[in-house]
Amino acid sequence: GAVVSQHPSWVICKSGTSVKIECRSLDFQATTMFWYRQFPKQSLMLMATSNEGSKATYEQGVEKDKFLINHASLTLSTLTVTSAHPEDSSFYICSASPESYNEQFFGPGTRLTVL
Amino acid sequence: EDQVTQSPEALRLQEGESSSLNCSYTVSGLRGLFWYRQDPGKGPEFLFTLYSAGEEKEKERLKATLTKKESFLHITAPKPEDSATYLCAVLSGGSYIPTFGRGTSLIVHP
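Reading the values: rules and limits
- Residues numbered from 1 in each chain as written.
- Chains lettered and ligands numbered in written order.
- Predicted model: local features only at pLDDT ≥ 70, side-chain atom pairs only at ≥ 80, totals over all residues.
- Heavy atoms only, no water.
- Helix = DSSP H or I, 4+ residues; strand = E, 2+ residues; numbered from the N terminus.
- Rg over C-alpha atoms; globule rule 2.2 N^0.38 Å.
- Buried < 20%, exposed > 50% of the residue type's maximum accessible area, 1.4 Å probe, protein only.
- Contact = heavy atoms within 4.5 Å.
- Salt bridge = Lys/Arg side-chain N within 4 Å of Asp/Glu carboxyl O.
- Polar contact = N/O pair within 3.5 Å; in protein donor to acceptor, adjacent residues only side chain to side chain.
- Nonpolar A, V, L, I, M, F, W, Y, C, P; charged D, E, K, R; others polar.
- Pairing = 2+ DSSP bridges.
- Axes fitted to C-alpha atoms, helices over the stretch in contact; angles between N-to-C directions.
- Disulfide = S-S within 2.5 Å.

Participant: Describe the overall build of chain A, listing the residues and the values that go with them.
Facilitator: Within chain A, the secondary structure is distributed over zero helices and eleven strands. Element order for chain A, N to C, with α for helix and β for strand: β-β-β-β-β-β-β-β-β-β-β. On C-alpha atoms alone, chain A measures out to a radius of gyration of 13 Å, which is about the 13 Å that the 2.2 N^0.38 rule sets for 115 residues. Judged by the C-alpha coordinates and their principal axes, chain A covers about 40 × 25 × 20 Å. Looking at chain A as a whole, 52% of its 115 residues are labelled buried. The long-range share in chain A, meaning contacts at least 24 apart out of those at least 6 apart in sequence, stands at 54%.

Participant: Can you break down the interface of chain B and chain A residue by residue, with the values?
Facilitator: For an interface, size is often stated in terms of accessible area lost upon the parts coming together. The interface is formed by 19 residues belonging to chain B together with 18 residues belonging to chain A. Scanning the region where chain B abuts chain A turns up zero salt bridges. Taken together, chain B and chain A are joined by six residue pairs in polar contact (both at pLDDT 80 or more). Where the side of chain B that touches chain A is concerned, the elements lending two or more residues are β4 (30-38), β5 (45-50) and β9 (84-92) of chain B. Of all the elements, β4 of chain B adds the most residues to the side of chain B that touches chain A, at four residues. Grouping the constituent residues of the side of chain B that touches chain A by class yields eleven nonpolar, five polar and three charged.

Participant: Account for the sheet that holds strand β1 (residues 4-7) of chain A, with residues named and values stated.
Facilitator: All names here are of chain A. The sheet built from four strands is open, its strands ordered β1-β3-β8-β7 with antiparallel pairing. At either margin of the open sheet sits one strand with a lone partner, and together these are β1 and β7 (67-73). Each strand of the sheet is rotated relative to its neighbour by a mean of 20°, with strand direction disregarded. Inspection of the sheet shows strand β3 (residues 19-25) paired to strand β8 (residues 76-81) by six bridges, in the antiparallel sense. In the sheet register, Ile21 faces β8, and the bridge partner there is Leu79.

Participant: Give a detailed account of the state of the cysteines, specifying residues and quantitative values.
Facilitator: Residues and elements named next belong to chain A. Applying the stated criterion across every chain, the model contains two disulfides over all chains. The partner cysteine of Cys23 in its disulfide is Cys94, sulfur to sulfur 2.0 Å. The chirality of the disulfide connecting Cys23 with Cys94 is right-handed, given an S-S dihedral of about 80°. Taken together, the residues Cys23 in strand β3 and Cys94 in strand β9 (residues 90-96) connect sequence positions 71 residues apart. Lacking any disulfide linkage, Cys13 is separated from the closest cysteine sulfur, that of Cys94, by 18 Å.

Participant: How would you explain the sheet that holds strand β7 (residues 62-66) of chain B if you had to name every residue and give the values?
Facilitator: Residues and elements named next belong to chain B. Spatially, the five strands line up as an open sheet ordered β1-β3-β8-β7-β6, and their pairing is antiparallel. Looking along the sheet, the strands with just one partner apiece sit at the ends: β1 (3-7) and β6 (56-59). Strand-to-strand twist across the sheet, computed as the mean angle between neighbouring axes with direction ignored, equals 15°.

Participant: Quick one: what's the story with the pattern of salt bridges, residue by residue and with numbers?
Facilitator: One pass over the structure, following the stated rule, counts six salt bridges over all chains. In this structure, Glu22 of chain A and Arg24 of chain A form a salt bridge, with 3.5 Å as the shortest nitrogen-oxygen distance. With a relative accessible area of 35%, Arg24 of chain A lands in the partly exposed category. With a shortest N-O distance of 2.8 Å, Arg61 of chain B and Asp82 of chain B are connected by a salt bridge. Taken together, the residues span a long stretch of sequence, with Arg61 of chain B in the loop between β6 and β7 and Asp82 of chain B in the loop between β8 (70-75) and β9 at a distance of 21 residues. Overall, Asp82 of chain B belongs to the buried group, its relative accessible area being 6%.

Participant: Help me get a handle on the environment of Met47 of chain A, residues and values and all.
Facilitator: Residue and element names in this part refer to chain A. Along the polypeptide, Met47 turns up in strand β5 (residues 45-51). Here the alpha-carbon distance between Met47 and Val81, two residues 34 residues apart in the chain, equals 12 Å. Those residues within four positions of Met47 in sequence are excluded, and the remaining contacts are Trp35, Tyr36, Arg37, Thr57, Tyr58, Glu59, Val62, Phe67 and Tyr92.

Here is the structure:
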């Protein structure tokens, strides 16, 4: 149980385009999902907390107009990187917790490369 | 503010050479300490949750222990497939967002 999927697993796009990443909880409902960014050989950096039916909460320094988060249902959250630039290239990972669980369960991640 | 420090940053072992990874933490009211394994290019994989000092959990060659200040991840007779980055995280107080350490990169040579 507690499986989280992400799609796509990797994406290459041109500078200036927008990219959407989906995060799904496959066998549980998630009121809250989390989006992380990870640079090579560094730990996870929390970007935002995605709340079903309400606005996301962004960490300090993360541009909310740049990284649009939509949590439309209890099993799906999306992260859209708008007008992507090469510096947005990174590994993006989502996570979620079943209700009453303390642990977070992570998706497999999405590698974004912006040319 | 919660703090998590993992050591060493990197560890190289020979196959069969047992060792331990350390996770030191400072929190106000520990609700849980978590260990994850992360392979290159993949999301972290959940391993263990520890809740109180003295608690131990085992899975195959891994055993996690917890004191009031730190946790250890003991690796017994490691194999090359145990090579990965091991992440420690803590959850405290009324927060639902864990604080992660920077991880220990483990390489096990055959």
